[in-house]
Structure formats: structure tokens, C-alpha cells
Amino acid sequence: MCGIAGTYGFGADTEGIARRMSSALAHRGPDGEGLFVDGPAGLAHRRLSIIDREHGAQPMTTADGRYTIVYNGETYNYLALREELEELGHTFRTVSDTEVLLEAHAEWGTAAYDRFNGMFAFAIHDATTGTVTLARDHFGIKPLYYWIDEDADSPRVLFGSEVRALLAAQQFEAAPDDRAVYRYLKFRVQDDDSRTFFRGVKRLMPGQVLQLSADGTEISSFTRLQEELREIAARPARPYSDEVVAEYRERFQEAVRLRLQSEVPVGTSLSGGLDSSAVAAVIARHLRDAPQDESYRAVGSRQNTFSAVFPNSSNDEERYVDALLEDNAGQITAHKITPQPDAFLQDLHDFVRTQEEPIISTGPYAQYAVMREASEHVTVLLDGQGADEMMAGYNPYFYVYLRQLRAQKRYKELAAEVIGSRDILRKLARTKYSGRTSVPIEALLNSGFVAEHGGETVSSVQDDLKERLLEDTFRSSLPSLLRYEDKNTMRFSIEGRVPFVDKELLKFLFSLDESAIIHDGWNKRILRESMDGILPDMISKRRNKIGFTTPEGEWFRTIAPQLRDIFASESFASRPYFDARSVLALFDDYIAHPENHGTLMFWRLLNVELWMRTFFDDAEGAGRALGEHAAPERTATTPTAGDRDSSPAVEPVPVPAPEEPKSDYVANPEKELDLVSAADGHTWRRFPLQTALVARGDDMPSLARDRVERFAAGLPEGAVPEGAEWYYVISEKIIAISQGRSWFTWEITPRPAAKALSRFVTRTPAGIGLGDPTTMELAIREVGLPRVVAASVAGAAGKVVRRKGLFYEVVGANVRAIDGPTPYSAFPSNVSAKLPPKDPDGVAASISAAIRGAEIPAALRDGFVGTVVMDANDIGRNVLGSDVQVPHDRLEATFADNPLGQGRQRTPLAILVDLGTASRP
């Protein structure tokens, strides 16, 4: 096996580029490197030999000199293929699988690849045609990345087993793919299409071929495996029976046996879960029953197992590991490691660098730590990856199956499954309706970043179990797991093998009825029953799934200060992706109340930041230890909107240098300074005024006086005509914040009634209204649940008779003014919910008194009429309070186009000037 790299292109320094790429694969194996250059093609590799170590050197060329291969992986059915090729007249100089692949290509071309059962990524150069063919195995177990120079006159392509090899070639500038970053942060997806997190770098998808020639590049599929699986699933299913279970057991044991072919020591990764335990138990049983079997010789007389255990943690699996070890005491030598959060911090830079792209959680670190220990004892490691995607190992699959039964009107089976899976469904319901805070990721992201990529969507199959398993196996779930498995194993020069990811095994599963996968509330039914008598009952019949992962929540609580340093760093605040103040405010609440928050969203934010430092910051920045980033030159203080005494004080947060402040005398972008009112025909001039962020306890009259004085000091001549009447308009939001009537969304715990009622409220792009559980909760607190319920009934009746507004007529104007979080607003409004201000008329009067005492020209003071408290957005506006006699509808009409903006303009104030019926200069 080897890590491959290469370049294809005319007029390029192919040898120099290939050598740099090969050097970047240095951790791929201990057995040296090879290089092949012929015309425009340069192929390189770092070799980790498993089969025929003495003679399997690469690059390898056919005897006639035509074909040359570099190859990463193994093909488990190579001996059968070799026999077939020998019958066709091929001769072999080695006993390696590499030569079999090479001769198969010479015989059958790309049609050969569908015959291979294994994991592979390879490049084959044809000296006769000058072409290079790249291919990746059916499931994408082995990675293959490429970059195409779109600007070159003739094709120029780099390819390799690692992105770092491509970067090392120094042929393009490394940059992040913002779309991939957004999809990861928003949807938690990665590896689901050909685009990587590196702009311009793509991955060859499972089962694909990329052919390079002087005429260009062409991607095609060498297999119909996915279509074939659909065809198998569409046929009449084979009934479930004891014979079917026995056949599955035999097929699974054969899949394990094939992956034991090796000239180096083989071990097993053992998490304590059903899947990895099944692999370890099958090997242990065979060692006991057939100790002389040569096909198991690489395992040795005792199987080495490697486990990460976390004593006394919420996800401790040690008791399951021990149960298997006790059952097979004479056949297993156990190695246990106990990863710790402080070691995680020390390894974090190398861990992120190893993964190359962001990953879904810290869970793969458990495997990373296991691989490090295993590398001291074995060179090949088997594990149970892939079983969850192929046999519905995750709880949401139960919902998919129940929907399928309902869609197919199989009501009797549906009832049985609901009863059998009632504990799983209760668990899912508890998770959905838990008291944990739910903050949309958009509220923590830069609004421009969200606006650019907000149209991205993801979807998944919801009512067809086998189709969903296909989706997750080839696109949505397994590819990312296979990626981190490959990265972790190769980091420590180990080869990982996955017996469940076997095309013949999967074809057999798809030929069976779904009841072989889920039955009476049990998933992986056929695996569980095939392991009767082989696995301890506490493993084969366990309901809860934890898996090979870290106790992330507990670790984050332990290392929270160090993680906070990352969120508070200058580099984090400077990224174009994050709203650093919102992230830090939420993380501070996590520190104070960890039970109210999950950690997966925090990890994604951290992972992107650390990935950016590792791959895109300068060498000095990329190498800094955690917490060593330079102190920021500028800070801005975030307001505290908490209603808990234990909420942490908000500290200065570094922010990037702001854009040039907006002039007081120009309109906001895409807005007009003047508007002719439809209510009175007057021309009204609206001057939006920027402010600093407002916090609880701020003095609104003092703010108004200061802001009007600054406005008057630089007022251009004629901007406010002499004698013109003017008003001071203030957004109700900042008054509510100053009065302590605004809360971070995570500080509000909605009751079940609030969650239920909020679902029936229509959300609009201009605002959430009561369509969020937090705002509905505030409505209930403000007027009581009975009144809200009565208003909801009235609103529903109003829809029937086509009369709008009945809900708010019943519930009252105060509830209409409740605002929820809007991602496009400035912090803290993007993560806050608020009640309307108290006594808005009184607030308006106190502000007007302060303005009349301001140091402004007498003519300007004489034109001042009073203060208006306005609630405005892109779809409506309401005067909540004022100290003037002007009718509210007339004032509301002056803000018909929402001149203060709906986003992050930070202009919650305005000077509103009545220019009369004819516009004045």
C-alpha cells in the first residue's frame, strides 16, 4: 500500500513537482519512496508495504513498458483475479496485488475496476497514448484529490492521496472554499460532494475514474454498484429466516478473513460497540477453533485489540470491552488507553493538520489516540466502520422506517414497530423537547457570509429505508467517517481495514426484507442474531449506542478557558465567517450553564478557526500554541442581556477594524434620504444616526442629547432648513435593551406550550415575531397563557372568515411589539428576544427634555417638536410612544421604506425633518 501523488501537464516541471508532492506524503509509510517520470506525467508515492513487501515496490511497470501504476490500498480478491489473468496468458513477477491490478488494467482497461473488491486509489500511466487514468474504489475508502489548472492552454492536473501533497507542489494559492465552510457550519455536512474545503481542490467520488489526456479531462463511473443495489432492493425480497442469518454470518466471517491478508501484524480496534466487537469476536472465535489456519497468521496466536476508554464518563464503554475480553481471555491481548482533555489540547494542532478538513466532532480524536498506541504493536488494524450506515445504526433511521411503513400502508407492521421502538422514540422526543438552548448557527455568523450562501440547502430521504442507507453510505455519512479513518491511520503509518464496507456483503443485505435490518424496534437485527453465541448478550442485545468517541461535553467543561481564548482571539474575530461577539456571549453562557448547551456547534466554530490557522495563516501564526495569539489593538464591549445573577461578566472582545463610520447626513445603503409621504403629501428627510452598542442600564436621555449635539455640530448648511420642524426618532429595541427587557435567547427557557404555539405562527424575512419559542414564551409571560391561547383561537377563526389581525386584537399591542432574534441584525439583536419598552410615552418625554437642554443652535432647538418611539421593519411600522400630538399613522408613513435598515447598519436613531409640501434645498 502507498500514498500516491502526481502531476500531469505539458511544459511543467513534472519531476520537481512530483518530488515535492511525494515529500509531503512523508508520514505515509516507512519503506521509502519512488518516482516515475515520463513526458508530461510524473507519478510519486510513499510506500507502506502490506502484501509482498519484498517485491511490491512502486511505481511498478508492466514487462512491455507500457503501463505504470502507483497504488494506495489493497484488493482482497486479487488471488482469484490473478488466476483468471494467468488463464488468459498473463505472467507475474511478484505475488503482490499491485501487479494484479496493473495486469487487469492491461487486459480489460477501466472495466477491470468493477471486479476489484477492496479499497484503492491509483494512477496508471499509459506510455503509448500518453494518458493517465485515476480511479477510486466503490465506497471511497481510500482518498484521491485533484486540482485542474483551468487557465492553462493545455491540461495541467495535480493529484494525490492528501491535499497537503497538492499544496506542496506550489502550483496554486491555497484558499478556503467558503461554500464548503458554510455548509459545514450550517448543516454539519462534509465529504458529500466533489468539492473539498480548499478552493479548486476536488475529490474523486466513490467509483469514479478521471482520465487525463492531451485533449483534456473526463470523469466517469466504472461501476453500477449503486444502481445495482437499487435494482436488488426493487426485486421481491428474500424472506428472513435462520438460513439467512447463517448465510450472513458466513459472509461476514469471509469479509473479515479477506482483510487479514498481510505480511505484517494485524490487530483490531475495539470500542465496545456491537460492530467492532463483532469483528474482534469473529477473529477470537476462529483463533480458538482453528488455531492452525494460515489465513489468520498475521493476527498471531493472540489478537491485539486497542480501545479508548473513559472511566466514570457519560460515554464510558469499558464494561462492554471487558465483557468481550472476559469471553475471549485466551485469544486476546488488550491494550487500553485513556485519552485526557489536556492531551487533546496538546495534540490539537497535529490532529487538525492530520484531518486536513474540518470534521463533525472531536470524536475522531479517540481513534487518533488509539492509532498512535496501535502503531507500537501492529501495522494493520480492523474496525467496525460502516455498519451503522448499512444496517440503520443511528436512531433517526427508525423514523425513516416508520414513515416508509405508513407510506406503504403496512399499518400492522407500523403498529408493531412503534410499540417495539417506543423507548427509542421517547429518547428522540426527549432530545427534541429538552431544555437545551437552540441557537441558529446563522446568529453566530457574519451576516454577509450568511447572505452570500443562505440559499444552500441539504435534503435526505425520509421514507425509504434502503434508499436512505444508500444515501448515507455513498454520500451523507460514511464518506466523512472513512476520511478521518484514513487520515488517522496514515498519520501513524497504519493501514485501516473495514470488513463491513464490502460490496458483496451489502448486496446480500439489500436482497433481504427490511425486517433483516429493523424489526420490533431493534436495528442491525441480522448482525445481532448472527452473533448469538459469539458475542456476550450485553453487547449483542444492548439498546444504547455511544460509539468510538470522546466525552466531548465533559472535556469542553474542563478546557473551557483555553477554548474561550480561541473565541476571544484576534484571528477568530477577523475571519469573514463569524460574529465573534455573539459566539463569545453564547460560550460564556455555556461556561456558566453547560447543562443548557450542546457542544457540536462550538466544535464546528473552533474547528474552522483552527483549520484556518493551520492551513492559511502565516507560518508563525499557524504554529502558535493555544492562547498565544497577540493581544488585539482594538476592542469593543458587548452588552450583557442576562437575567441570571450567575451570568459571567462580558469581557472585551477583539473585533476587526470597522468600516468607515457612516456620515450622519447620508442615507443608509439602498435607502433614500427624502420620502414623499403617502399620508400627508409632505416631503420628509430622514437622517439615520449610528450609535455604539447599547447595554442594560444605559441612559437614553443622555445618549439622545449627546447624539443630537454631534449631529448639529457638523450639520451642512441647508440640510435642515431654517424654521423646519423636526423630530427625534428612536428604535424601541434600544430602549428595551436599556430597560433590561431584552435577553439572549439562551437565557429564555420556553415552556412546552410556547414551543407548540410558536409552530403555528408564520415567519417572514423581516422578522420572526412569535414564530420562535423564545418570543412566544415572552408573550405568555407578558399577558398570560390563557390570553395567548384565546388569541390563537381568535386568529384561527379569523383565517376561516378571512379577517386578519384578530390574534393581536385579542392579545394586545404589547405582544405585537415583541421581537425575536434576526441573524441580519447587529449584536445583540441577532441573538436576543425582547419585550416592548415600558412606558414609551414617558421615555419619549424624558428624551425630549434632554434634547431641549442640548447645546445646539437656537434655530435648530426652536424647530424641535418632540420624540417618537418607533418599531419599524421591512413589512410594517408602529409608533409605540411619543410626546407629540401628530397622529401616529402620519408618523408611521414617514418610515414606509424603513430608512433605518433591517440589518447591521447600527442606526437605531434618526432625525426626522418635515420639509413641507414642496421639497426645500
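The structure this text deals with has already been given above.
Residues numbered from 1 in each chain as written. Predicted model: local features only at pLDDT ≥ 70, side-chain atom pairs only at ≥ 80, totals over all residues. Heavy atoms only, no water.

Caption draft 1: Region of interest: the overall build of the chain. Check the secondary structure of the chain and you find 37 helices and 29 strands. Counting all 921 residues of the chain, 59% fall into the buried class. Relative to all contacts within the chain whose residues are 6 or more apart in sequence, the contacts with residues 24 or more apart total 72%. On the chain, roughly 36300 Å² of surface is accessible, and the fraction owed to carbon and sulfur atoms is 48%. (Helix = DSSP H or I, 4+ residues; strand = E, 2+ residues; numbered from the N terminus. Buried < 20%, exposed > 50% of the residue type's maximum accessible area, 1.4 Å probe, protein only. Contact = heavy atoms within 4.5 Å. Areas by Shrake-Rupley, 256 points an atom, 1.4 Å probe, with all protein chains shown as cover.)

Caption draft 2: Here's a closer look at the sheet that holds strand β5 (residues 67-75). The six strands are arranged β4-β5-β6-β7-β11-β12 in an open sheet whose pairing can be described as antiparallel. One side of each edge strand has no neighbouring strand; the edge strands of this open sheet are β4 (60-61) and β12 (216-221). Here nine bridges tie β5 to strand β6 (residues 118-126), and the two strands are oriented antiparallel to one another. Bridged to Glu74 within β6 is Met119. Across the sheet, helix α3 (residues 97-108) lies against β4, β5, β6 and β7 (131-136), angled at about 125 degrees from β5, the strand it touches most. (Pairing = 2+ DSSP bridges. Axes fitted to C-alpha atoms, helices over the stretch in contact; angles between N-to-C directions.)

Caption draft 3: Just the environment of Asp513, in detail. On the secondary structure map, Asp513 appears in the loop between α19 (503-510) and β18 (518-519). For the pair formed by Asp513 and Arg238, sequence separation is 275 residues and the distance between their alpha carbons is 6.1 Å. For Asp513, the residues in contact, after removing those within four places along its chain, are Ala237, Arg238 and Arg410. Of the polar contacts made by the side chain of Asp513, one reaches the side chain of Ser515; its length is 2.8 Å. (Polar contact = N/O pair within 3.5 Å; in protein donor to acceptor, adjacent residues only side chain to side chain.)

Caption draft 4: Representation of the packing of aromatic side chains within the structure. Within the structure shown, the criterion is met by 45 aromatic pairs. Between the aromatic rings of Tyr113 and Phe222, the centroid separation amounts to 5.7 Å while the plane-to-plane angle is 85 degrees, which identifies the pairing as edge-to-face. On the criterion of sequence distance, the pair formed by Tyr113 in the loop between α3 and β6 and Phe222 in the loop between β12 and α6 (225-234) is long-range, its members being 109 residues apart. Judged by its relative accessible area of 10%, Phe222 falls in the buried class. When the ring of Tyr368 is compared with that of Phe492, the centres are 5.1 Å apart and the planes differ by 70 degrees; the resulting orientation is edge-to-face. In this pair, Tyr368 is assigned in helix α11 (residues 364-374) and Phe492 in the loop between α18 (478-491) and β17 (495-497), connecting sequence segments 124 residues apart. Residue Tyr368 is classed as buried on the basis of its relative accessible area of 1%. (Phe/Tyr/Trp six-rings, centres within 6.5 Å; stacked < 30°, edge-to-face > 60°.)

Caption draft 5: Broad picture of the environment of Ser829. Relative to the helices and strands, Ser829 is located in the loop between α34 (813-816) and β26 (832-834). Given the relative accessible area of 18%, Ser829 is considered buried. Put simply, Ser829 and Lys733 are 96 residues apart on the chain and 8.2 Å apart in space, counted from C-alpha to C-alpha. Among all residues touching Ser829, those that are not within four sequence positions of it are Lys733, Gly820, Pro821 and Thr822.

Caption draft 6: Examining the nonpolar core more closely. Membership of the largest hydrophobic core comes to 154 residues, with the highest contact counts inside it found for Leu185, Tyr248, Phe252 and Ile526. Here this core takes 10 residues from helix α26 (residues 600-615), the largest share from any one element. Once residues within four sequence positions are removed from consideration, Ile526 is found in contact with Tyr240, Val244, Val245, Tyr248, Met391, Phe508, Leu509, Leu512 and Ala516. Counting residues in each nonpolar core, the second largest holds 31 residues, with Val708, Phe711, Trp726 and Ala844 among its members. (Core = buried A, V, L, I, M, F, W, Y, C linked by side-chain atoms within 4.5 Å.)

Caption draft 7: Inspection of the packing of helix α7 (residues 242-258) against α19 at higher detail. Running from N to C, α7 and α19 cross one another at 165 degrees; their axes reach a closest spacing of 10 Å. Classed by the angle they form, the pair α7 and α19 counts as roughly antiparallel. α7 and α19 meet at a crossing whose hand is left-handed. Between α7, through Val244, Glu247, Tyr248, Arg251 and Phe252, and α19, the contact on the second element is made entirely by Glu504, Leu505, Phe508 and Leu509. Residues belonging to the contact of α7 with α19 are distributed by class as follows: six nonpolar, no polar and three charged. (Parallel < 35°, antiparallel > 145°, perpendicular 65-115°, else oblique. Left-handed = near helix turned anticlockwise from the far one by under 90°. Nonpolar A, V, L, I, M, F, W, Y, C, P; charged D, E, K, R; others polar.)

Caption draft 8: Summary view of helix α23 (residues 560-567). Listed as buried for α23 are Ala560, Leu563, Arg564, Ile566 and Phe567. For α23, the buried positions fall inside an angular range of 150 degrees around the axis, keeping them on one side. Structurally, α23 contributes buried residues whose contacts are with α10 (341-355), α22 (552-558), α24 (570-574), α25 (580-592) and α26. (Arc of directions from axis to C-beta.)

Caption draft 9: View of helix α13 (residues 396-407). Along its 12 residues, α13 runs 17 Å from first to last C-alpha, staying within 8% of the 16 Å computed at 1.5 Å per residue. Of all the positions in α13, only Tyr397, Phe398, Val400, Tyr401, Leu402, Gln404 and Leu405 are classed as buried. Directly after α13, the chain includes Lys409, whose backbone phi takes a positive value near 60 degrees. (Expected span 1.5 Å × (residues − 1).)

Caption draft 10: Main features of unusual backbone geometry. Here Asp520, not a glycine, exhibits a phi torsion of approximately 50 degrees, which is positive. Note on placement: Asp520 falls in the loop between β18 and β19 (522-523). Look at Asp520 and you get partly exposed, because its relative accessible area is 36%. Backbone geometry places Lys524, a non-glycine residue, at a positive phi of 50 degrees. Mapping Lys524 onto the fold places it in the loop between β19 and α20 (525-530).

Caption draft 11: Highlighting a positive patch on the surface. Residues Arg422, Arg426, Lys427 and Arg430 make up a contiguous surface patch of positive charge. Position of Arg430 relative to the elements: it lies in helix α15 (residues 422-432). (Patch = residues over 30% accessible without salt bridge, like charges linked within 9 Å, V, L, I, M, F, W, Y side chains within 5 Å. Salt bridge = Lys/Arg side-chain N within 4 Å of Asp/Glu carboxyl O. Lys, Arg positive; Asp, Glu negative; His and termini not counted. Charge placed at Lys NZ, Arg CZ, Asp CG, Glu CD.)

Caption draft 12: Just the pairing of strand β15 (residues 332-337), in detail. Inspection of the sheet shows strand β14 (residues 303-308) paired to β15 by six bridges, in the parallel sense. Opposite Ser307, over in β15, you have Lys336 as the bridge partner. Handedness of the β-α-β unit built from β14, helix α9 (residues 318-327) and β15 comes out right-handed. (Right-handed = clockwise from strand over helix to strand, strands pointing away.)

Caption draft 13: Broad picture of the side chain of Thr550. Its location among the elements puts Thr550 in the loop between α21 (537-540) and α22. Reaching out from Thr550, the side chain makes a polar contact with the side chain of Thr362 at a distance of 2.6 Å. The contacts of Thr550, once residues within four sequence positions are left out, are Phe310, Asn315, Thr362, Gly363, Tyr365, Ala366 and Trp555.

Caption draft 14: Region of the structure containing the environment of Glu173. With respect to the helices and strands, Glu173 occurs in the loop between α4 (163-168) and α5 (178-187). Overall, Glu173 belongs to the exposed group, its relative accessible area being 73%. The spatial distance from the C-alpha of Glu173 to the C-alpha of Gly200 is 9.7 Å, given a sequence separation of 27 residues.

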